[in-house]
Amino acid sequence: MPEPIVIVEDLKVYFYTYAGVVRAVDGVSFEIYEGETFCIVGETGCGKSVTSRALTKLIDPPGRIAGGKVLFKDRSGRYINMLELDEETLREMRGKEIAYIFQDPAAALDPLYTIGYHFIETMRDHGTIRSNKEGIERAIELLREVAMPAPEVRVKNYPHELSGGMKQRAVIGIGLSNMPRLLIADEPTSYLDVSVQAQILELLRQLKEKRGLTLLMITHDMGVVAEMCDRVAVLYAGHLAEIGPVDRIFMNPLHPYTQALLRAVPNPTRRMLKLEPIPGNVPNLASPPPGCRFHPRCPYAMDICKRERPKMIEVEERHRVACWLYAKR
Amino acid sequence: MPGHPLDRLSDAFISLIARVMTRVNPKWLERNRYKLEEWRLMLYALNRSPTGIAGLILAMGFVFIGIFGPYIAPHSYDFSYIAATGKYKLYWLAPPGTGGAILGTDDLGRDLLSQLLYGARISLVVVALVLPVGISIGVILGLLAGYYGGAVDEAIMRVTDIFLAFPGLILALALTSALTMRIAYAIANNPWLTSFVSAVFALKPSDALNIAPTLAIIVALWLVWWPGYARLVRGMTLQQKGNVFVMAAQALGMSSREIMFKHILPNILGPLLVFMTLDVGNVILVEAGLSFLMGGQIKIPEWGAIVQHGSQYLVNGAWWLLIFPGLAILLAVLGWNLFGDALRDILDPRTRRSIEFR
Amino acid sequence: MPALIQVENLKKYFPVGGKLLVKQWVKAVDGVSFEIYEGETLGLVGESGCGKSTTARLLLRLEEPTDGKVLFEGKNIYKLRGRELKEFRRKANIVFQDPYTSLDPRMTVFDIIMEPIRVHKIDVGDPEQYVLKLLYEVGLNESHMYRYPHEFSGGQRQRIAIARVLALRPKFIVLDEPTSALDVSVQAQILNLLKDLQKKYNLTYLFISHNLAVVRYMSHRIAVMYLGKIVEIGDAEEIFESPLHPYTRALISLIPVPDPFQARKRKKLMIQGEPPNPINPPPGCRFHPRCPFAKDRCKKEEPKLIEYSKGHYVACWLYS
């Protein structure tokens, strides 16, 4: 059994806005094991992106990390609390240990510089290369690894000369350039078309195998979860609803939210006469409902759900849920 | 939300508006509750911006003094201690604090404080006459150019470019010297114009003729002020035109005029207001600069003219004739700029969201 | 079933390049023909840049075509003037993808929904009662009447946009990716609402989406577009159960399926590369550079849309 590379304990990220304190992530705990693909799935504003950014303290004001721990296993096997590190060390960790790939590849690349320059810049910052020539060679190698067509040409191209899929390949290549151990992909395919999405997902899968990476995927698409992940965490309104192996989550969803979500997603391989929508709307996190945040939309809501927040309970092996339905009474 | 001492004042202000409007129309509150709530949040955001508050106080102070300055001034703008007391030695370039002259006197023994208070009125009137006209021309031309595009856009923007290519200050200077005599002639020949001008600028009717250069500056500024707004509004119109709700309005069969005035204009008013606020300082500055360059009318308590006139006596050690009018200009301009900057953050929902409330 | 809309050889080219450069054309829509029957939903799918949104705008005359015509109730919409055009604008309308920009942020819900009524000067009696009825119809209520769009969630905004369109009692509505900006839990609400309204008012929909699962759920018939051309059109179930064109087959096999067991078993038809630039589309069949079955003929001759089985058309040399 591999060890966790990241342990998140009771993470809290609050945004202090004019509309009040938005508890975007409010006491979330999970761990990511070495070599697995871990997915955080949830809807807009559930805190999945914020969680992934908080792992290296990439939170801008008015947001603040209000509490919790993020333990990261460094190369010597010790766990260090990321949230206690200074900005200098964190910068060193970002890229070298943990790399990010964001949703919009166009925004991740500076239009004024060539693709090759982007590689050189990141590698020079982390002392991975000694000269620009070495940087270009490494860049071509990396572009070949991410299956970029004609890497020797593309390395000299500017971002606007590349298509959406090629940009995302370049961004992935840049992310890999300092040999990180954890790759965080935040909705890496939601700007891409179906045919290109399939190519990029396939690429991520291959890279993970080849390099022994740990992959953290942030997505809203249950289809991507089913295709990619080993374990899944379902977030709802800043709370962790359910966490477990992907097969169990889909076969035996425990949390009423997960159950409802799976029923609301159309399956392209089946003829469906009626979808079952989840009633109501995602709550406003400046004034979230008390107790379990899903209770206003939950068909099984009980009195206690309105008053107390449920604790995480292990219902079957490695499959935990935060729901009063499963509490021992 | 953590409280702020000024929040209660804001709440009181908002409920005052609500009460007044409810008296006018009982259904108003129900229909505008959410708008009111947004105003309250904007005020809260302003409360958390110390520079914005300082700017607001300075800007409102400028407006207040502009309106009431002539009434609270200890003396009239042309009052001379020398003429009144005959003590030439004491009141010729008297330093601040000399026998009743709080900010000192100039070479004619006139009270500098009173002059500055009267001068605020002139600056305020200039702002109030230059901006609305310049902006109206700019907004209409910018809307037309941005919305219709093509040949209309080409025609309007090329004219705008010609105006922008001219150095504004020099153009205004040339126009001012060309217009001054005509305006003075018009004032001299129209008794009603004389009384109107003297009332607006809080001057004695006998001095109405001397305000002609300032009026010329106003007319000149109309001509140089609109191109900036035309270009700005055109850009904002293009941006708004890309919004899907404009296409939705087209799909509903709305006319272009309706779309321009009901959908585009209201949506650019926010940024336009910010730009206007920042521009008030510019107008004050440019007008003071022009009247300085024009040599300054010695009989008119116009800030730029006071600086110009006073600068001749720096060799006599009369620093107050430079420092105090300069300070008046600085504070008025700074106030509007600070307020405009805060307004930008508050009116834009995106930046408002990034203000930290702690 | 009579055809409400008949599209004949519709083309739209956009010029690119400045005045000094040689003018080139983006062939966004390059000769498409199809019809939409009364009361049905035609799904229009394809990847970004395939011309599906341009087609939608052409159908509502929000753009003027380069060539071709669209008959609405037998009349060519590009020839309509004055009152007839206004009547067309009343009967045919659109719900846009992004509910965050399709509503004017400065207007209350009441004003937004009343706007079409005012534009068309329709007498609806008490405006508040009329708006309230529409709000109920789309699942909102009186407490929402005087609020501003930014106070609503994406799903609620889309309901407002639907109410605005419904206010004119239209016959035909273009749904341009109406749920792709929404969360999955809300998406199903909006899709079901649209289905219910269609049944209630016998509405005709053109449903545009890149999400094939959603298209399958919504549509009676489906048209697949690639680079400005329709490559396959037919009954929705038939398209999904036995797709013909290699592009359709690939698209369907590549959608991520929300079921890990199925995902592991499923055979994928991977296609390489990305849709080429519509300025210089490849000669012959436009799909041939990415097609795993491309033959010599595909590179030279363009295949015609032929009826393979009843009501199921395909443009591919494999089937001729």
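These numbers come from a predicted model, not from an experiment. (Residues numbered from 1 in each chain as written. Chains lettered and ligands numbered in written order. Predicted model: local features only at pLDDT ≥ 70, side-chain atom pairs only at ≥ 80, totals over all residues. Heavy atoms only, no water.)

**Student:** Can you help me understand the nonpolar core in this one?
**Tutor:** What tends to happen in soluble globular proteins is that the nonpolar side chains get buried as a cluster. Of all hydrophobic cores here, the largest spans 78 residues; its most connected members are Phe-201, Ile-211 and Trp-303 of chain B. Sort the elements by how many residues they give to this core and helix 6 (residues 112-148) of chain B lands first, with 16 residues. Core analysis: the next-biggest nonpolar cluster, separate from the first, contains 72 residues, Ala-264 of chain A together with Val-95, Val-165 and Leu-212 of chain C among them. (Core = buried A, V, L, I, M, F, W, Y, C linked by side-chain atoms within 4.5 Å. Buried < 20%, exposed > 50% of the residue type's maximum accessible area, 1.4 Å probe, protein only. Helix = DSSP H or I, 4+ residues; strand = E, 2+ residues; numbered from the N terminus.)

**Student:** Help me understand the sheet that holds strand 4 (residues 63-73) of chain A in this model?
**Tutor:** Pairing between the strands of a sheet comes from backbone hydrogen bonds, and it takes one of two forms, parallel or antiparallel. Residue and element names in this part refer to chain A. Within the open sheet, the four strands sit side by side as 2-1-4-5. Their pairing is antiparallel. Every other strand in the sheet has two partners, leaving strand 2 (20-33) and strand 5 (79-81) as the edge strands with one partner each. Strand-to-strand twist across the sheet, computed as the mean angle between neighbouring axes with direction ignored, equals 5°. Examined bridge by bridge, strand 1 (residues 4-17) and strand 4 share eight bridges and lie antiparallel to one another. Of the residues in strand 4, the one forming a bridge with Phe-15 is Gly-63. (Pairing = 2+ DSSP bridges. Axes fitted to C-alpha atoms, helices over the stretch in contact; angles between N-to-C directions.)

**Student:** Please explain the pairing of strand 12 (residues 319-322) of chain A as it appears in this structure.
**Tutor:** Residue and element names in this part refer to chain A. By the bridge criterion, two bridges tie strand 10 (residues 239-245) to strand 12 in an arrangement that is antiparallel. Residue pairing for strand 12: Glu-242 is matched across the bridge by Val-321. Looking at chain direction, strand 11 (residues 312-316) and strand 12 are connected through four bridges and run antiparallel. Bridge pairing links Glu-316 to His-319 in strand 12. The turn joining strand 11 and strand 12, which pair antiparallel and follow one another in sequence, is formed by two residues; a positive phi near 60° is taken by Arg-318.

**Student:** How do you make sense of helix 6 (residues 184-201) of chain C when you look at a structure like this?
**Tutor:** Owing to its 3.6 residues per turn, the α-helix brings residues three or four apart onto one side. Residue and element names in this part refer to chain C. Compared with the 26 Å implied by 1.5 Å per residue over 18 residues, the 26 Å span of helix 6 between its first and last C-alpha is a close match. When you tally the buried positions in helix 6, you get 14 out of 18 residues, the bulk of the element. Asn-202 sits one or two residues past helix 6 and shows a positive phi near 50°. (Expected span 1.5 Å × (residues − 1).)

Take it as geometry only, folks, not as evidence of what the structure does.
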